[in-house]
Every structure is written in structure tokens, then in C-alpha cells.
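Commentary on secondary and tertiary structure
Listed here are the chains, written in short residue letters.
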Amino acid sequence: MIPFLDALFLQAGYNAALVAIGAGLLGFAAGASGTFPFLRKRALISDAVAHATLPGVALAFVAMVAIGGDGRSLPGLIAGSAATAWIGLLVIEWIARRTRLSEDAAIGAVLGVFFGTGIVLLTVIQTMSAGRQAGLESFLLGSTAGMLFQDAIVIAIGGSLAVLTTWLMRRPMTLVAFDSAYAAALGYDVRRIDLMMMALVMAVTVIGLKLVGLILIVALLIIPPVAARFWTDRSSRMIWTAGGIGGVSGYLGAVLSASAPALPTGPIIVLVAASIFLLSLLFAPDRGVVAALLRRRRFQARVHRRQGLLALAAQHPIREAYTLRLLRREGLVRADGVPTPAGRAQAAKITRDERRWEVAREIYQDTGLTGRYDGLTPIEDLFTIDEIAEFDHRLGPPARVEGA
Amino acid sequence: MSRATQPTIASDRGRTVETANASQDAALSVRGLTVAYGEKPAIFSVDATFEADGMSAIVGPNGAGKSTLLKAALGVIPRLSGDVHVFGEPVADARARIAYVPQSASVDWDFPTTVMDVVQMGLYRKVGLLGRLAGQPRDWARDCLDRVGMADFAGRQIGQLSGGQQQRVFLARALAQDADLYLLDEPFAGVDAATERAVIDVLKALKSENKAVVAVHHDLATVLDYFDHVFLINVRRIAEGPVATTFTTDNLQAAYGGRLAATHLDELTVVDGAR
């Protein structure tokens, strides 16, 4: 069997299988918990939070060594990273709320300062314990080599809790993301709900640090919700769609990186997620670029068809090549621009419909529907036969279209 | 109809209120409310009493703090000082009796949600985190949509709505709360004539059900037609009371300064109790 299929069906060895499952679970948790920060338009805070984990990792390592323990113990490192990430989060929140600086400035400041501090500490650690391979650099970009069963368990439990909390809190979080003023008026503590959104992001970040690394974990938190937005129009479903996209990215990315030597897992996972995003952007029904383009083309064709038929009715020459092509394709004009019998009939109909629209606009002046009385929607789609008969009654007998 | 009945008399709740007598029955009573951005007050030491019967308008020039007054009273924005009572209770204890309709322009209408979902947001407090929204709550939400003439739009994505339709959906969401006090922020701003009529009909129906309605209003021409009470504000309180005695040329002049032409004012207002 080829390596990719082996890895896909978890036949590429114990470690590869563990990484694939772990990455899939992590991707799901990240996608689901990233949904509301994205909808709240605060996705980038997660980037700062992720970078703010680094000093915590370093400090936890130092502390654990100082008390004579194993500096690489995962629970200790996770606790340390969570502590500084939480501080970073509170600092951002405080700066945005209490100073004149905007949130993006706060994000930039916290990200830079915390990450810089982390790198300094990391460098110091490497010189201090010379000869002792701490391996803390792997927290930057993630590493799969030493992944233990215990690590997968941490991801599974932590991730499940994050997804469960997101689902339980979906109503208040939707409310705050959509209309925070209304949420506050209802008595929800908006600040606390915002902090909870970010706490979820932080939880996913710290459990994913070792596997994906703190620089790229943010991609797993942001890209899946952004891609999911193309496929659904409801925030409650978006949680699961984003989770699904994140899970598939994590699993497929891990499988791909296992199927060839020297493919880094974290970056490959992000690239898979980015590919799914790109496909969604282009091909999603309704919100995708291609769908929008097609809609626009159809609309343009309707505008040209109407203009062309009105010109036929008024016996004006049609000069636009696109209009002529359109009418010719429908068999409404001959190659030399002379209308066919079908074309004359359509022209008569559209002239009549124009006058019907005028009556309609007059009758329903302010029903709020008037915006749709553009003459492009077939009149039969908006009004019943009886209503159209009423317009005709007001218009009198059909007038003879000149030249017909 | 499946409407829940709610106690409407504040004193039934057995709460003793130390504030002035007027606030005993007032729907919304505000004392010394100040909101400041930095050291520049947006509203300053405002006392206001909005009656439990009839419709009240909050009127004033741009930047006078009309919306700020509502938001600060609700605790949507922090207040520097002042206390707020709703039907004699501190506002924090009366949340269930208040329905707020923010300006529809204040939210992102591309948010992934449907019209029905938005209306059901009005029920979130009642049903809690996990309570069922299907069945009876959904029927109730549909009733509310029907009252604003939007029942056919229940399944629509909110991004497809016109400005007037957005405003009606927000009103339906407030109706879903089945509150006793309705606070509306510019409900007629930028809406079509049909929506304006639909909204005013709903508000008048609320009034006839003995609900209190307070609206930030910017159209001086319709104050006399729509409202029973008026509160004039320009950072500080200018005047308050029944429109017949309060919505006068002098008071408007005081609120707007020289910004309104005197001839224009005479057409709008009550002069010497005429009309």
C-alpha cells in the first residue's frame, strides 16, 4: 500500500496513528471554539493569546527544574502557559477598556511583548542547562515526534470540554457576538461572556501547543470558522461545520505529513485548512465567488434582455453587441437585427408589463416591496393573476404596439 | 393567544422604595444620571420620570445624549453616577420587565442567523441556556413576527432584509420578551413609510395593553401625533411632561438653541395650549 493510504487508515505505525487522531480532535475543538470569537470579530485576540503562552512555558520549566522535578512534564508546562496567556488576555482587555488605545493596538503590544519575553527566557534556559535538551523550541512550531498517549488524552478531554462549553453557551455567545447592547440590556454580563470566549480559545491553544505549536495554532482557530461561514447561515450550525473542517484538516494534515519524510505536521495541517478555505471561498453555493459571479451574469443578462426588448418595441436600433447576441441566441432577432415574430411578441409583452409595473408602483407605493418593482422580476412572480387583471383593467385594452 | 400574563403593578412585589413619590408608579425613573467620556459629560445629572401610562418621546438635537440616556439607564454603557428604577425596583432586578430595541444600524446584518432566530433571542432569558425553543416558544415568536407584519420572513437570512424590515424584526424580538416597559432607540430612523405605520400601530397596541413605551425620537413633526409625554434633553434635562404643555416653542428653542427656525417651530409645537 502507498504510505498515504496506510497513514489515512491508521496503519502507519503507533505514533503516526496517535498524531492523526490527536490532530483531528484538536482541529475539531479549535474550529468549534474559534467560531464565536470570529463572529465577534475578535479572532486576532487568539493570536496574541497564543503568543502569550511562551513565557509561561519557559517559566514553568524553570520552576519545575528549580524544585527538582522534570522540567518537561506536560501538565506543568500547560499550567504555566495558561497562566501567562490569561494574563495577556486580561492586559488586552484592560488596555482596550481603560485606555484610549484601540483593541488592535493592545493585541499588537501584548503579542510582541509576551512573545519577546518568552524568546529571551528560552534563550537563557538553553545556556543555563547546557547539554540538557529541554526541547522547548518545539512549542514554537509543534512537534509530533515525541507524542505520547497521555498527550492525546489531554487533547481529547480538554478539547471535548471546550466543544461542550461552546455548545452549552451558544445562546449567550451568539447574543453577545450579534448584538452586545441587547445582551447587556437583557442582563447578561457581556464582559464575562467575552472573557469566556477567549478562555475557550486559550484552553484549545494550550492543549494544542505541543502538537501544532503556538505560532500556527491560531490558524486552526480562525480558518475553519471563516471557511464554515461560506457553508451555513446559522451560527449554531457553524459551530459543527467549523469543527468538522478543523477536524478534517487536522487529521488529513497529520496523515499527509506522516506519508512522506520531512513534512512538518503543524504547517501541513494549516495548509490543508487553507485549501479547504480556498475551495469554500470559490465554490460555496450562495456565498462563494463563483456563485456570486454567476448570479451577477444572470442579472446582467436580464437587464440587457429587458433593454433590448424595449428597444425593439420602440423600434430603436440596438447597438450593444452583448444585447444583440443575447436576443439572437433566444431567437428574438435575426442576424441582421430585425425582430422575429417571437421577438415582436416578447417586445409587446414587456411594453405591457412596463405599464403594469407603473400601475403597481402607484398602488403599492409604500408597502416596502417597491424596491423589487424593478421590471426585472417577471411580473407574474410578484403578483397573482387577479392582481395583474386589476392592473390591466386600469390600463384599458391593450394598445397596439407600433410596427407590430 | 398563548400569551403569558404578568403582574403589572409594581407595588405587588412588596418592595419598599425610598426614592421620591413619583417613582413609585413611574415605569422608568432616573435620578442624577451622568455619563462622561473622559471628562466631557454626554449627559449630565439628568432626572427623568417616564410614566407607566402612554408613550413618551425623548427629544433633543444630535449629540444631546438621547440614546446615551437609554443605554446608561439600562446599564449598556457604564454610568458615572445616578440611579435608575423601573416600576419602583432597581433596574438590575427588573430586567425581565424591560424590552430594549437598539438602533438597527448598530449590528452587523451579515451575521449568520435567521429572522426567527433573532426574534427568539427575546426568549433566551426565559428559556435559559438549554430550554426548548421549538413548539410553544416558536409559535409565540411567530405571533410576534405576525404583529409587525413579518411572519412570511421567518426563515429568511437576516442579510436579505431591508432597513425597515430589520427594524420590524428588532421590534418583534422585543415583543417576544412580553415586557412591561419598551425602550426604543430611534425606531423610525431610516425606515420606509409602511414600516413607520406598522411600528406605530404596534406601539399604540402596546399602550392600549397598559404597557409603557419610551422612544428616542428625532422627527419633531410627528411628536404631537405619536406621543403622550415628551422629555426634552440637551446634555441636561430641558423639560418633561405631557406633550400638550411641554412640547412648546420655548422649550424646543431651549433644547435646540438657535438651530431651529422660529417659523418652522410654530408649525410643529403647541403654542399657549392651543390644539
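It should be emphasised that the depicted structure is a prediction, and the values quoted were computed from it without experimental measurement.

Each value, and the rule that gives it
- Residues numbered from 1 in each chain as written.
- Chains lettered and ligands numbered in written order.
- Predicted model: local features only at pLDDT ≥ 70, side-chain atom pairs only at ≥ 80, totals over all residues.
- Heavy atoms only, no water.
- Helix = DSSP H or I, 4+ residues; strand = E, 2+ residues; numbered from the N terminus.
- Buried < 20%, exposed > 50% of the residue type's maximum accessible area, 1.4 Å probe, protein only.
- Areas by Shrake-Rupley, 256 points an atom, 1.4 Å probe, with all protein chains shown as cover.
- Contact = heavy atoms within 4.5 Å.
- Buried area = accessible area lost by both parts, 1.4 Å probe.
- Salt bridge = Lys/Arg side-chain N within 4 Å of Asp/Glu carboxyl O.
- Pairing = 2+ DSSP bridges.
- Axes fitted to C-alpha atoms, helices over the stretch in contact; angles between N-to-C directions.
- Phe/Tyr/Trp six-rings, centres within 6.5 Å; stacked < 30°, edge-to-face > 60°.
- Lys NZ or Arg CZ within 6 Å of the ring centre and 35° of its normal.
- Parallel < 35°, antiparallel > 145°, perpendicular 65-115°, else oblique.
- Nonpolar A, V, L, I, M, F, W, Y, C, P; charged D, E, K, R; others polar.
- Patch = residues over 30% accessible without salt bridge, like charges linked within 9 Å, V, L, I, M, F, W, Y side chains within 5 Å.
- 1 Å grid on protein atoms, 1.4 Å probe; cavity = no way out; pocket = protein on both sides within 12 Å on 5 of 7 lines; lining within 4 Å.
- Points joined across faces, edges and corners; volume = space filled by probe spheres on them.
- pLDDT = per-residue confidence, 0-100.

Glancing now at the overall build of chain B. If you tally the helices and strands in chain B, you get ten helices and ten strands. For chain B, the residues scored as buried account for 55% of the 275 residues in total. Put simply, chain B shows about 11500 Å² of open surface, and 49% of that area lies on carbon and sulfur atoms.

A few words on the interface of chain A and chain B. The interface of chain A with chain B comprises 30 residues on the first partner and 33 residues on the second. Between chain A and chain B lies a buried interface of about 2900 Å² when both sides are counted; carbon and sulfur atoms form 59% of it. Three residues stand out in chain A for area buried against chain B, namely Arg171(A), Phe178(A) and Tyr182(A), and they jointly supply 29% of the buried area on that side. Our enumeration of links across chain A and chain B arrives at five salt bridges.

Our next topic: the sheet that holds strand β8 (residues 212–216) of chain B. All names here are of chain B. If you walk across this open sheet you meet the six strands as β6-β7-β8-β3-β9-β10, and the pairing is mixed. Strands at the two margins of the open sheet, each flanked by one partner only, are β6 (98–101) and β10 (236–242). Here the average twist between neighbouring strands, direction ignored, is 15°. Inspection of the sheet shows strand β3 (residues 55–59) paired to β8 by four bridges, in the parallel sense. What sits directly across from Ala 57, in β8, is Ala 215. Contacts between helix α1 (residues 66–74) and the sheet are confined to β3, β6, β7 (181–185), β8 and β9 (229–234), with β7 contributing the most and set at about 140° to the helix.

This brings us to the packing of aromatic side chains. For any pair of aromatic rings, the description rests on two quantities: the centre-to-centre distance and the angle between the ring planes. Per the counting criterion, the structure on display carries nine aromatic pairs over all chains. Ring centres 6.3 Å apart and planes at 80° place the aromatic pair Phe178(A) and Phe170(B) in the edge-to-face group. Note that Phe178(A) is positioned in helix α9 (residues 170–178) and Phe170(B) in helix α5 (residues 163–176), a pairing that runs across two chains. What makes Phe170(B) buried here is its relative accessible area of 0%. Both rings, one in Phe50(B) and one in Phe231(B), keep their centres 5.5 Å apart while their planes meet at 55°; by these two values the pair is tilted. Taken together, the residues Phe50(B) in strand β2 (residues 40–50) and Phe231(B) in strand β9 connect sequence positions 181 residues apart. The lysine or arginine in question, Arg173(B), covers the ring of Tyr182(A), its NZ or CZ lying 3.4 Å from the ring centre. When the ring centre of Phe170(B) is taken as origin, the NZ or CZ atom of Arg173(B), which lies over that ring, is 4.2 Å away.

Here we take up the sheet that holds strand β4 (residues 81–86) of chain B. Residues and elements named next belong to chain B. Spatially, the four strands line up as an open sheet ordered β2-β1-β4-β5, and their pairing is antiparallel. The open sheet terminates on both sides in strands that have one partner only, identified here as β2 and β5 (89–90). Pairing between strand β1 (residues 28–37) and β4: five bridges, direction antiparallel. Each bridged residue has a counterpart across the sheet, and for Val 30 the counterpart in β4 is Val 84.

What follows covers the packing of helix α11 (residues 190–212) of chain A against helix α12 (residues 217–229) of chain A. Packed helix pairs are specified by the crossing angle of their axes together with the interaxial distance, meaning the distance between the axes. Residues and elements named next belong to chain A. Taken N-terminus to C-terminus, the directions of α11 and α12 make an angle of 125°; their axes are 8 Å apart at the nearest point. Here α11 is positioned oblique relative to α12, judged by the angle of their axes. Residue-level inspection shows Val 201, Val 204, Thr 205, Gly 208 and Val 212 of α11 in contact with α12, the latter providing Ile 217, Leu 220 and Leu 221. Residues belonging to the contact of α11 with α12 are distributed by class as follows: six nonpolar, two polar and no charged.

For side chains of opposite charge, pairing can occur when their charged atoms come near one another. Residues and elements named next belong to chain A. Scanning the model with the defined rule gives 29 salt bridges over all chains in all. In this structure, Arg 352 engages Asp 392 in a salt bridge whose closest nitrogen and oxygen atoms are separated by 3.2 Å. You can see Arg 352 sitting in helix α17 (residues 341–363) and its partner Asp 392 sitting in helix α19 (residues 385–395), a full 40 residues away along the chain. Residue classification places Arg 352 among the buried residues on the basis of a relative accessible area of 15%.

So, on to a nonpolar patch on the surface. There is a patch of nonpolar side chains on the surface, built from Tyr14(A), Phe149(A), Ile153(A), Ile157(A), Leu161(A), Leu164(A), Trp167(A), Trp240(A), Leu129(B) and Leu130(B) and spanning about 1000 Å² of accessible area. A per-element tally of the nonpolar patch places helix α8 (residues 149–168) of chain A first, with six residues. Tracing the backbone shows Leu130(B) in the loop between α3 (124–127) and α4 (136–147).

This brings us to the pairing of β4(B). All names here are of chain B. Bridge count between β4 and β5: two bridges; the pairing is antiparallel. Its bridge partner being in β5, His 85 is matched across the sheet by Pro 90. Counting the residues between successive antiparallel strands, the hairpin from β4 to β5 contains two residues, one of them, Phe 87, with a positive phi of roughly 50°.

What follows concerns the layout of surface pockets. Taken as a whole, the largest pocket encloses approximately 1600 Å³ of empty space. Of all the secondary structure elements, the ones that give two or more residues to the lining of the largest pocket are α5 (74–98), α9, α10 (180–186) and α11 of chain A together with β1 of chain B. The residue makeup of the lining of the largest pocket, split by class, is 23 nonpolar, eight polar and 17 charged.

Bringing empty space enclosed by the protein into the picture now. All names here are of chain A. Applying the stated criterion across every chain yields a total of one cavity of 30 Å³ or more. Here the largest cavity is characterised by a volume of approximately 100 Å³. Contributing to the lining of the largest cavity are 13 residues, with Leu 74, Asp 151, Ile 207, Lys 210 and Leu 211 lying nearest its centre. Mapped by element, the contributors of at least two residues to the lining of the largest cavity are α5, α8 and α11. The leading source of residues in the lining of the largest cavity is α11, at five residues.

Residue and element names in this part refer to chain B. Summarising the model, chain B shows a mean pLDDT of 86, and 85% of its residues fall at 70 or more. Predicted confidence is poor over residues 1–23, with pLDDT under 50, and the contacts of this stretch with residues over four places away or in other chains come to 35 contacts. With a pTM of 0.86, the predicted complex shows an ipTM of 0.88.

It is worth spelling out the environment of Ile95(A) at this point. Residues and elements named next belong to chain A. Note on placement: Ile 95 falls in helix α5. Of the residues examined, Ile 95 reaches a relative accessible area of 13% and is grouped as buried. Each C-alpha atom, one on Ile 95 and one on Ala 109, is 9.8 Å from the other, the two residues being 14 residues apart in sequence. Once residues within four sequence positions are removed from consideration, Ile 95 is found in contact with Leu 101 and Ala 106.

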